[in-house]
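Summary of structural features
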Amino acid sequence: AGPGSYTVGTMSERFDCHYCRDPLHGKKYVQKEGRHCCVKCFEKICANTCIECKKPIGADSKELHFKNRYWHDSCFRCFKCYTSLVNEPFMLRENNKVWCSNCTATVDAPKCKGCFKPIIAGDQNVEYKKMVWHKDCFTCSQCKQVIGSGSFFPKGDDFYCVSCHEHKFAKTCAKCKNPITSGGLTYQEQPWHSECFICSNCKKQLGGKRFTAVEDQFYCVDCYKECVAKKCAGCKNPITGFGRGTSVVNYEDESWHDYCFKCTKCARGLANKRFVCHNGKIYCAECPKRL
């Protein structure tokens, strides 16, 4: 800062102004580039122009300069906040405007997606997919509580805390009616927690296992055989519907495996065939004639 390219003094010798030829003896003068001139001619012809106010920087003014640009000391202020930048760090930005370091940091800082204000150095923030928020501005779209650095779920342009996401989007278990946040299974187009889809008798989980549904109750194979399944009138074993003989023959409150429903005399299989019941026993259509 400072003129640097001229000197100001009171003439003690007999010199005339280089421009107007007025005598300078005993008067204030300016010497620039080896020439002596009066103050009036200096300001009119030689003085630098302030880049801010566009007026000449007179001999009595303090001049500041930077990269061939000149300012009055009173004009050397931050373009944004008007703080004096004399003896302060600054930056020359577009249109030859000077900015203080604080305003430069602010205008160059990323903008918060929530409040649209700058996020400056030292601010706690949250970043997600090239977007950034102040930590306190990153809130749940449903309950408006601050998520901050906690877990969240994105949905389009919205973000949800774990609790709101569960209640708004998670499937609800058909048994306990609570949200299913992970895992789970589906039966007859209804979602279940794995721990809720269990045998009604032994309480073991049925996910990935064979089971039977009876009037909205579920049973594993062993419990179904023991507690629910009808007993075959022929072999006396449970009729489970699993494995061999999935077809069942029912007659007068009794049931048979299809392979157990046969003629008492000739042992011919009678499933889907004509038969005769005589004295509580099953016969084919021919055998009663031979009794």
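Scroll up to find the structure this text is about.
Each residue is numbered by its place in its chain's sequence as written, counting from 1. Per-residue local features are limited, in this predicted model, to residues with pLDDT of at least 70; the limit for side-chain atom pairs, both in listing and counting, is 80 or more; totals at the level of whole chains, interfaces and linings are taken over all residues. Values reported for side chains reflect all heavy atoms of the structure, with hydrogen atoms and water molecules removed beforehand.

In this analysis, rings of Phe, Tyr and Trp, with Trp reduced to its six-membered ring, are considered paired at centre separations within 6.5 Å, and the interplanar angle assigns stacked below 30 degrees, edge-to-face beyond 60, and tilted for intermediate values. Counted according to the given criterion, the structure contains 22 aromatic pairs. With a centroid separation of 5.2 Å and an interplanar angle of 85°, the aromatic rings of F66 and F90 are classed as edge-to-face. Placement of F66 in strand β4 (residues 63–66) and of F90 in strand β6 (residues 90–92) is noted, with a sequence separation of 24 residues between them. Burial here depends on accessible area, computed with a 1.4 Å probe over protein chains only, as a share of the maximum for the residue type. Under 20% is buried, over 50% is exposed, and the range in between is partly exposed. Residue class for F66 comes out partly exposed when judged on its relative accessible area of 27%. Residue classification places F90 among the partly exposed positions, given a relative accessible area of 30%. Geometrically, the ring pair formed by F261 and F275 is edge-to-face, given 5.0 Å between the ring centres and 85° between the ring planes. On the criterion of sequence distance, the pair formed by F261 in the loop between β19 (254–257) and β20 (275–278) and F275 in strand β20 is long-range, its members being 14 residues apart. Look at F261 and you get buried, because its relative accessible area is 2%. According to the relative accessible area criterion, F275 is partly exposed, its value standing at 28%. Labels follow the DSSP assignment, with helices taken as runs of H or I lasting at least four residues and strands as runs of E lasting at least two, numbered in each case from the N terminus.

This paragraph deals with the environment of I239. Assignment of secondary structure puts I239 in the loop between α4 (221–228) and β18 (248–251). In the structure, I239 is positioned 19 residues away from D258 in sequence and 9.8 Å away in space, judged by C-alpha atoms. Whether two residues touch is decided by their heavy atoms; if any such pair falls within 4.5 Å, the residues are in contact. For I239, the contacting residues outside a window of four places in its chain are Y224, A229, K230, K231, C232, V248, S255, W256 and H257.

Now for the layout of surface pockets. Regions of empty space are outlined by a rolling probe, equal in size to a water molecule, passed over the atoms. Using protein atoms alone on a 1 Å grid, points that fit a 1.4 Å probe yet trap it form a cavity, whereas open point sets bounded by protein on both sides within 12 Å along at least five of seven lines form a pocket; residues with an atom within 4 Å of a point count as lining. Grid points are joined across faces, edges and corners, and a volume is the space filled by probe spheres set on the points. Volume-wise, the largest pocket comes out at about 280 Å³. Looking at the lining of the largest pocket, the elements that each hand over two or more residues are β19 and β21 (281–284). The residue inventory of the lining of the largest pocket, partitioned by class, reads eight nonpolar, three polar and five charged. Taken as a whole, the second largest pocket holds about 230 Å³ of empty space. Lining the second largest pocket are 15 residues, and of these W133, S141, D157, D158 and F159 sit closest to its centre. Every element with two or more residues in the lining of the second largest pocket is listed here: β9 (131–134) and β11 (158–161). Note on residue categories: nonpolar means Ala, Val, Leu, Ile, Met, Phe, Trp, Tyr, Cys or Pro, charged means Asp, Glu, Lys or Arg, and polar means any other residue, Gly included. By residue class, the composition of the lining of the second largest pocket is seven nonpolar, four polar and four charged.

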